Amino acid sequence: MRPAESSGAVQWRLVVPAVLGALALLATLGQGAALVITDVLIMVLFASSLNLLTSYGGMVSFGHAAYFGLGAYGLALPLAKLGLPLWAGLALGPLAAALGALAIGALCVRLTHIYFAMLTLACSEIVFTILFQAYDYTGGDTGITKFMAPRLGLDPRLYGALVLAIVSACLLLLWKVVRSPIGLAIRAVGEEPHRAAALGYSPRMVQLVAFVIAGTLAGVAGTLFAVYQGNAFPDYAGIGFTIDALVMVVIGGLHSFAGGVYGAVIYTLLKTFVSRYVTEWELVIGLILLAVVLVSPAGVAGGLGRLGHALGRRSA
Amino acid sequence: MSETPLLVARNIHKTYGRFVALAGVDMALARGERRALIGPNGAGKTTLVSVIGGQQPGGAGGTVLFDGRDISGATPQAIARLGIGRTFQISRTFRKLTVLENMLAALLGNGGGAFALSARRLRELRAPALAMLREVGLAEFAREPAEAISHGDRKRLEFGMVLATRPRLLLLDEPTAGMGLAERSALMEMMVRHIAERDITLLFVEHDIDIVFRFADVITVMARGKVFAEGTPAEIAADRAVQDIYLGARH
C-alpha cells in the first residue's frame, strides 16, 4: 500500500465533505436525483467490498455478485414466504451473504490465481441458477416482488440519507479492518503468501476471513438494494453485477481504498446518464476502461495521487 | 551443546516427474551449529531447504525431525511456529507494504493476534518492530515501501523479519546472492552476529566459497541429490574429490 495510506488515521478532511456533500445533494435535488444518489451509494459499498478482496487480498473474484444476491434474497424470501417482520429480513440478508461467503470461500481459497477466479465464477453461477430455477421458492426469473414498499415507503431523499448513514458506517468499518492486524495479515498474504506462511500465518484462514468480510458487506449492499427496489431478481447474483463491480474497482483504482468509491460513482453515473442519450453506453464504458488501463493502470485514485504529488512538489 | 541434534533429516527423497532432485539425503544438525550447504547447480540444496521448511508442494519422502518431533509433511506455517525460520533465494518481502509494516507483519505472524480487529496490537508492536529494524540497519527506511529499497536492504529486511519470529533454526537460501563482494561480507557478518547472540542454529546455502569457509563450522557438499561429503572447512578443503566436483581445482 502506498505510504500515504499507512498512517491508519481516517482521512476526515475527505470523508466529512463527501458525506456532507452527499447529504446536501439529497436535500436540495429532486426525488429523481435522490434515487440516482442512492443507487451510487449502494454500488460504492458493493465495489468497496470487492476491493478488499482484489486490492488488499490479491483475490480476483468473478463471483462477488453471489453475496449481493444472497443479501437481497436473504431479505426478500423470509418476508415474502415466511411472513417474518422487516427487522428480521434486514438482519437475515447480510447473514445469508455471510454464510454463503463462508461456505463458498472455504472451497475457493484452496485455489489461487485463475483457478480461484474460475471457482468463484462457478459458485456464483450455482447461486444464480438456484435462484433462477427454484421457481416455487424464488419466483424464478420473475423474482420476488411486492413483498414490501420500495424504500420502506419513505421519501427517496430520506431513504437516501438512511443508505448514506449505513454505507458510511460500513466503509468506516472496512477502513478499520484494513488498518487492523487482520487487515495487515490480509495485505501480507495477498501479496506474498509463501512469505506469510513462512512467518507463521495460515494463508487460507486469512483469505477466508477476508472473503467473509467482503461477502457480508456485499450482502449489506444487496439488502439495501432489495429494499431500494422493493424486489429481488436472480440477476442480482449474476455475472453482470460482478463484472460491473470489477470494472468499478479497475476504473476507480486498484491498490487504493478509495478505488471502489471513485469507480462506483463514475460507473453508476455514466451508466445512468450516458444510457439516456446513447444506446451503446457499454461502448463508452469500454472505451473509458481501455483508457484507464492504458494511461493510468492505478485508476482514478492513482491518477489523483500522482496529481497531488506533482502539485505538492510545485508548491514546495 | 546438547548431545541430541536439533534437526535430523533421514532418507529424504524428492522427484519432479522423472527428475530426481533428492535421492536419499541424511543430515543431522547439532544445536548452535553453523552448517553450510554447497554443491553445483541442481545438486538439490534448495530442494532440501524447502523440504525442511515445508515449502515442497506434495511433500517429500523420508523423515524430518526437529528437536525430536516429526515435522515431515507439516505446513510451512506450522513449521515456522515451531521455530524454523527461512529466507528465500530471491528475497521475499511484502513489497507494497512499508518496511515498518513488513516488520509488524513478521511480529504479528509469530506472536499471534493476527486476527484482531483493534489497531491496539499494532501500536504495541511498533516499538519492537522499530527496534528490530534498527538492529538490521533499516530504521531510516521504516516509512518507505519495501519495493523502494535496494536489493541488499531487502535481504536485510527479510532476515530481520525472520529473526523477529525468534527461530531456533534458521534456513538461509543464498543469503548473499546478487550482491557485491564488500556488501556480501558485511551482510553475512551482521547475520552471523545476530545468530550467535541468539544461539540460533544455522543452515545456509551459499555459492561464495570465501563466505562458506569463513562462516561455517561444518560444510555439507551435495551433488546429484545426494550428500557427497561432509566435514569441517579444513576437511572439505583437503578433500580432492570435492575439489574435483565443486571447487574446480586442477591436479
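Residues numbered from 1 in each chain as written. Chains lettered and ligands numbered in written order. Predicted model: local features only at pLDDT ≥ 70, side-chain atom pairs only at ≥ 80, totals over all residues. Heavy atoms only, no water.

### Quick word on the overall build of chain B
- Summing up its helical and strand segments, chain B has nine helices and ten strands in all.
- For chain B, the C-alpha radius of gyration of 18 Å lies close to 18 Å, the compact-globule estimate for 251 residues.
- Taking the principal axes of its C-alpha atoms as reference, chain B extends roughly 60 × 40 × 40 Å.
- Across the 251 residues that make up chain B, the buried fraction comes to 52%.
- Summarising the internal contacts of chain B: among those between residues at least 6 apart in sequence, 66% fall at separations of at least 24.
- Carbon and sulfur atoms make up 50% of the accessible area of chain B, which totals about 11,000 Å².
- Distance from the positive charge centre (32 side chains) to the negative charge centre (27 side chains) of chain B: 6 Å. (Helix = DSSP H or I, 4+ residues; strand = E, 2+ residues; numbered from the N terminus. Rg over C-alpha atoms; globule rule 2.2 N^0.38 Å. Buried < 20%, exposed > 50% of the residue type's maximum accessible area, 1.4 Å probe, protein only. Contact = heavy atoms within 4.5 Å. Areas by Shrake-Rupley, 256 points an atom, 1.4 Å probe, with all protein chains shown as cover. Lys, Arg positive; Asp, Glu negative; His and termini not counted. Charge placed at Lys NZ, Arg CZ, Asp CG, Glu CD.)

### Topic: the overall build of chain A
- Tallying secondary structure elements over chain A gives 14 helices and two strands in all.
- Taking the principal axes of the C-alpha coordinates as reference, chain A spans close to 60 × 50 × 35 Å.
- Look at the contacts in chain A between residues 6 or more apart in sequence, and 77% of them connect residues 24 or more apart.
- Only carbon and sulfur atoms are counted for the fraction: they give 71% of the accessible area of chain A, which is about 13,600 Å².
- Positive and negative side-chain charges in chain A, numbering 17 and 12 respectively, have mean positions lying 13 Å apart.

### Some details on the sheet that holds strand β6 (residues 84-87) of chain B
Residue and element names in this part refer to chain B.
- The mixed open sheet is built from six strands, whose spatial order is β6-β7-β8-β3-β9-β10. What marks the edges here is a single partner per strand, and that holds for β6 and β10 (226-231). The mean angle between the axes of side-by-side strands here comes to 20°, regardless of whether they run parallel or antiparallel.
- Sheet topology places strand β7 (residues 169-173) next to strand β8 (residues 201-205); five bridges connect them, and they run parallel. Residue pairing for β8: Leu 169 is matched across the bridge by Thr 201. (Pairing = 2+ DSSP bridges. Axes fitted to C-alpha atoms, helices over the stretch in contact; angles between N-to-C directions.)

### Overview of unusual backbone geometry
Residues and elements named next belong to chain B.
- A positive phi angle, near 50°, is found at Asn 11, a position not held by glycine.
- By the secondary structure assignment, Asn 11 is in strand β1 (residues 7-16).
- Positive phi is not limited to glycine here, since Asp 199 has a value of about 60°.
- Along the chain, Asp 199 falls in the loop between α6 (181-197) and β8.
- According to the relative accessible area criterion, Asp 199 is exposed, its value standing at 61%.

### As for the packing of helix α3 (residues 65-81) of chain A against helix α4 (residues 86-108) of chain A
Residues and elements named next belong to chain A.
- Running from N to C, α3 and α4 cross one another at 140°; their axes reach a closest spacing of 7 Å. It follows that α3 is oblique to α4 by the angle criterion. As α3 runs across α4, the sense of the crossing is right-handed. Between α3 and α4, the contacting residues are Tyr 67, Leu 70, Gly 71, Gly 74, Leu 75, Pro 78 and Leu 79 on the first element and Leu 86, Gly 89, Leu 90, Leu 92, Gly 93, Ala 96, Ala 97, Gly 100, Ala 101 and Ile 104 on the second.
- Among the residues making up the contact of α3 with α4, the classes are represented as twelve nonpolar, five polar and no charged. (Parallel < 35°, antiparallel > 145°, perpendicular 65-115°, else oblique. Left-handed = near helix turned anticlockwise from the far one by under 90°. Nonpolar A, V, L, I, M, F, W, Y, C, P; charged D, E, K, R; others polar.)

### Comments concerning the packing of helix α2 (residues 31-56) of chain A against helix α7 (residues 156-179) of chain A
All names here are of chain A.
- Closest axis-to-axis distance for the α2/α7 pair is 9 Å, and the angle between their directions is 15°. One way to sum up the angle between α2 and α7 is to call them roughly parallel. The chirality of how α2 crosses α7 is left-handed. In this structure, α2 uses Gln 31, Ala 34, Leu 35, Thr 38, Leu 41, Ile 42, Val 44, Leu 45, Ser 48, Ser 49, Leu 52 and Tyr 56 to contact α7, whose residues at the interface are Pro 156, Arg 157, Tyr 159, Gly 160, Val 163, Leu 164, Val 167, Cys 170, Leu 171, Leu 174 and Val 178.

### Notes on the interface of chain A and chain B
- On the side of chain B, 37 residues touch chain A, which itself brings 29 residues to the contact.
- Between chain A and chain B, the buried area comes to about 2,600 Å², and carbon and sulfur atoms account for 65% of it.
- Area buried by chain A at its contact with chain B is led by Pro 181, Arg 195 and Leu 199 of chain A, which between them contribute 26% of it.
- Our count for the chain A to chain B interface comes out at four salt bridges.
- Glu 158 of chain B is the partner of Arg 195 of chain A in a salt bridge, and the nearest nitrogen-oxygen pair spans 2.7 Å. (Buried area = accessible area lost by both parts, 1.4 Å probe. Salt bridge = Lys/Arg side-chain N within 4 Å of Asp/Glu carboxyl O.)

### Quick notes on helix α1 (residues 45-53) of chain B
Residue and element names in this part refer to chain B.
- With eight of nine residues buried, α1 is to be regarded as a mostly interior element.
- Residues Lys 45, Thr 47, Leu 48, Val 49, Ser 50, Val 51, Ile 52 and Gly 53 constitute the buried set of α1.
- In the stretch just after α1, Gly 54 is the one whose phi turns positive, near 85°.

### Here's the deal with a nonpolar patch on the surface
Residues and elements named next belong to chain A.
- There is a patch of nonpolar side chains on the surface, built from Trp 12, Leu 14, Val 15, Val 16, Leu 20, Leu 23 and Leu 172 and spanning about 610 Å² of accessible area.
- Inspection of the secondary structure assignment puts Val 15 in helix α1 (residues 12-28).
- Since its relative accessible area comes to 33%, Val 15 is described here as partly exposed. (Patch = residues over 30% accessible without salt bridge, like charges linked within 9 Å, V, L, I, M, F, W, Y side chains within 5 Å.)

### Description of the pattern of salt bridges
- Scanning the entire structure with this criterion turns up 18 salt bridges over all chains.
- Ionic pairing is found between Arg 157 of chain A and Asp 155 of chain A, a salt bridge with its closest N-O pair at 3.2 Å.
- Judged by relative accessible area, Asp 155 of chain A falls into the partly exposed class, the value being 29%.
- Linking Arg 120 of chain B and Glu 124 of chain B is a salt bridge whose minimum nitrogen-to-oxygen distance equals 3.5 Å. Placement of both Arg 120 of chain B and Glu 124 of chain B in helix α4 (residues 120-135) is noted, with a separation of four residues, approximately one turn of the helix.

### So, the domain arrangement of chain B
Residues and elements named next belong to chain B.
- Splitting chain B by domain gives domain 1 (1-83 + 167-251) and domain 2 (92-166).
- Taking only C-alpha atoms, the centre of domain 1 and the centre of domain 2 are 26 Å apart.
- In total, about 1,200 Å² of surface goes out of reach between domain 1 and domain 2, with carbon and sulfur atoms giving 64% of it.
- Three residues, Pro 167, Met 190 and His 194, lead the burial of domain 1 against domain 2; their summed loss comes to 36% of the area buried on that side.
- In this structure, Glu 135 engages Arg 198 in a salt bridge whose closest nitrogen and oxygen atoms are separated by 3.2 Å.
- Counting every contact that joins domain 1 to domain 2 gives four residue pairs in polar contact (both at pLDDT 80 or more).
- For the side of domain 1 that touches domain 2, the elements supplying multiple residues, two or more each, are β7 and α6.
- Tallying contributions element by element places α6 first for the side of domain 1 that touches domain 2, with seven residues.
- Grouping the constituent residues of the side of domain 1 that touches domain 2 by class yields eleven nonpolar, two polar and five charged. (Domains from an automatic or database assignment. Polar contact = N/O pair within 3.5 Å; in protein donor to acceptor, adjacent residues only side chain to side chain.)

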